[in-house]
Amino acid sequence: MHNFEMVDVKDIRQLILDLRVLHAAQFNKNFPLTGPSAMPMEKVEEIALEALIGITKNQFDKARARLKTSGSKFMPSFSEFREWCIGESWMSADEAWSRACKFTKDKN
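A few points on the structure. (Residues numbered from 1 in each chain as written. Predicted model: local features only at pLDDT ≥ 70, side-chain atom pairs only at ≥ 80, totals over all residues. Heavy atoms only, no water.)

1. Considerations on the overall build of the protein
If you tally the helices and strands in the protein, you get six helices and zero strands. Helices and strands appear in the protein in the N-to-C order α-α-α-α-α-α. The buried share of the protein, taken over its 108 residues, is 27%. For the protein, the share of sequence-separated contacts (at least 6 apart) that also reach a separation of at least 24 residues comes to 74%. Of the roughly 8,000 Å² of accessible surface on the protein, 56% is carried by carbon and sulfur atoms. (Helix = DSSP H or I, 4+ residues; strand = E, 2+ residues; numbered from the N terminus. Buried < 20%, exposed > 50% of the residue type's maximum accessible area, 1.4 Å probe, protein only. Contact = heavy atoms within 4.5 Å. Areas by Shrake-Rupley, 256 points an atom, 1.4 Å probe, with all protein chains shown as cover.)

2. Notes on helix α5 (residues 78-86)
Working note: α-helix, 3.6 residues per turn, so residues spaced by three or four point in the same direction. All of the buried residues along α5 are Phe 78, Phe 81 and Cys 85. Burial along α5 is one-sided: seen end-on, the buried residues are contained in an arc of 55 degrees. In this structure, the buried side of α5 is in contact with α1 (9-22), α3 (41-51) and α4 (57-69). (Arc of directions from axis to C-beta.)

3. Considerations on the pattern of salt bridges
Within this structure, the stated rule accounts for five salt bridges. In this structure, Asp 11 and Lys 57 form a salt bridge, with 3.1 Å as the shortest nitrogen-oxygen distance. Note that Asp 11 is positioned in helix α1 and Lys 57 in helix α4, a separation of 46 residues in sequence. The class of Asp 11 is buried, set by a relative accessible area of 5%. As a salt-bridge pair, Glu 46 and Lys 43 come within 3.3 Å of each other at their nearest N and O atoms. Taken as a pair, Glu 46 and Lys 43 lie in helix α3 at a separation of three residues, close to a single helical turn. On the basis of relative accessible area, Lys 43 is assigned to the partly exposed category, the value being 37%. (Salt bridge = Lys/Arg side-chain N within 4 Å of Asp/Glu carboxyl O.)

Set out below in structure tokens:
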């Protein structure tokens, strides 16, 4: 059975929290909470929701897992995160290594 539940505000808030923890400096640079360019968190949530219209919970969860395990030094934009949700499934270095090891073990 497929899960076609769509992404909601709760999911968006979790994504924003992940980004704030994993990429704090970049997140704060892009979405400052204070100063002349301050952006209210409600506006950040609105931008993220708009970028992820039509994304299912299942797609979102897979992309979020990639975010948390990629080890990337750069924060994806919301549009890049959307591509992770719907685009080709790119493997991390660990995933690629694991597949290569399994492939070499398979004598068939």
